[in-house]
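Reading the structure
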Amino acid sequence: MGKQGFIYKAFHLYYDGFRNMKLGRTLWAIIIIKLFIIFAVLKVFFFPDFLKEHAPAGEEAEYVATEIVNRAE
């Protein structure tokens, strides 16, 4: 498509927009920090590895299949 392709134009649209931002940089920093907290910190403390605690090593798929069948009955 050459230099004037859609991807090239879209990249430069966002590049110029982010380069000229003042308040937007602060807002993006806040968004990134919040996403880090949600996905890294909360996952570690509130969502333990259930399969690691209940299924033997290497038997995770069989454990899940058994649980699905037993709960469906």
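Residues numbered from 1 in each chain as written. Predicted model: local features only at pLDDT ≥ 70, side-chain atom pairs only at ≥ 80, totals over all residues. Heavy atoms only, no water.

Notes on the overall build of the chain
Along the backbone of the chain there are four helices and zero strands. Reading the secondary structure of the chain in the N-to-C direction produces α-α-α-α. By the compact-globule yardstick of 11 Å for 73 residues, the chain is too spread out, its C-alpha radius of gyration being 23 Å. Over its C-alpha atoms, taken along the principal directions, the chain stretches across nearly 55 × 35 × 25 Å. With 73 residues in all, the chain has 4% of them scored as buried. Carbon and sulfur atoms make up 70% of the accessible area of the chain, which amounts to about 7000 Å² in all. (Helix = DSSP H or I, 4+ residues; strand = E, 2+ residues; numbered from the N terminus. Rg over C-alpha atoms; globule rule 2.2 N^0.38 Å. Buried < 20%, exposed > 50% of the residue type's maximum accessible area, 1.4 Å probe, protein only. Areas by Shrake-Rupley, 256 points an atom, 1.4 Å probe, with all protein chains shown as cover.)

A few points about the confidence of the model for the chain
Per-residue confidence for the chain averages 85 on the pLDDT scale, and 96% of its residues sit at or above 70. At the low end of the mean pLDDT range in the chain sits helix α3 (residues 50-54), at 84; at the high end sits helix α4 (residues 60-72), at 89. (pLDDT = per-residue confidence, 0-100.)

Description of the pattern of salt bridges
For the structure on display, the rule yields two salt bridges. Between aspartate 16 and arginine 19 there is a salt bridge, with its nearest N and O atoms 2.9 Å apart. In this pair, aspartate 16 and arginine 19 both sit in helix α1 (residues 6-19), three residues apart, roughly one turn of the helix. Its relative accessible area of 31% is what places aspartate 16 among the partly exposed residues. You can call arginine 19 partly exposed: its relative accessible area is 44%. The residue glutamate 67 makes a salt bridge to arginine 71 at a minimum N-O spacing of 3.5 Å. Taken as a pair, glutamate 67 and arginine 71 lie in helix α4 at a separation of four residues, close to a single helical turn. (Salt bridge = Lys/Arg side-chain N within 4 Å of Asp/Glu carboxyl O.)

Here we look at a negative patch on the surface
On the surface, Asp49, Glu53, Glu59, Glu60 and Glu62 cluster together into a negatively charged patch. The residue glutamate 60 is located in helix α4 in this model. (Patch = residues over 30% accessible without salt bridge, like charges linked within 9 Å, V, L, I, M, F, W, Y side chains within 5 Å. Lys, Arg positive; Asp, Glu negative; His and termini not counted. Charge placed at Lys NZ, Arg CZ, Asp CG, Glu CD.)

Let's talk about the packing of aromatic side chains
The description of two aromatic rings rests on the distance between their centres and on the angle between their planes. Counted by the stated rule, this structure contains one aromatic pair. With 5.8 Å between their ring centres and 20 degrees between their planes, phenylalanine 11 and tyrosine 15 make a pair best called stacked. In this pair, phenylalanine 11 and tyrosine 15 are both assigned in helix α1, four residues apart and thus about one turn of the helix distant. (Phe/Tyr/Trp six-rings, centres within 6.5 Å; stacked < 30°, edge-to-face > 60°.)

As for the environment of aspartate 16
Each C-alpha atom of the pair aspartate 16 and asparagine 70 lies 57 Å from the other, and the pair is 54 residues apart in sequence. Of note is the side chain of aspartate 16, whose polar atom sits 2.9 Å from the side chain of arginine 19. (Polar contact = N/O pair within 3.5 Å; in protein donor to acceptor, adjacent residues only side chain to side chain.)

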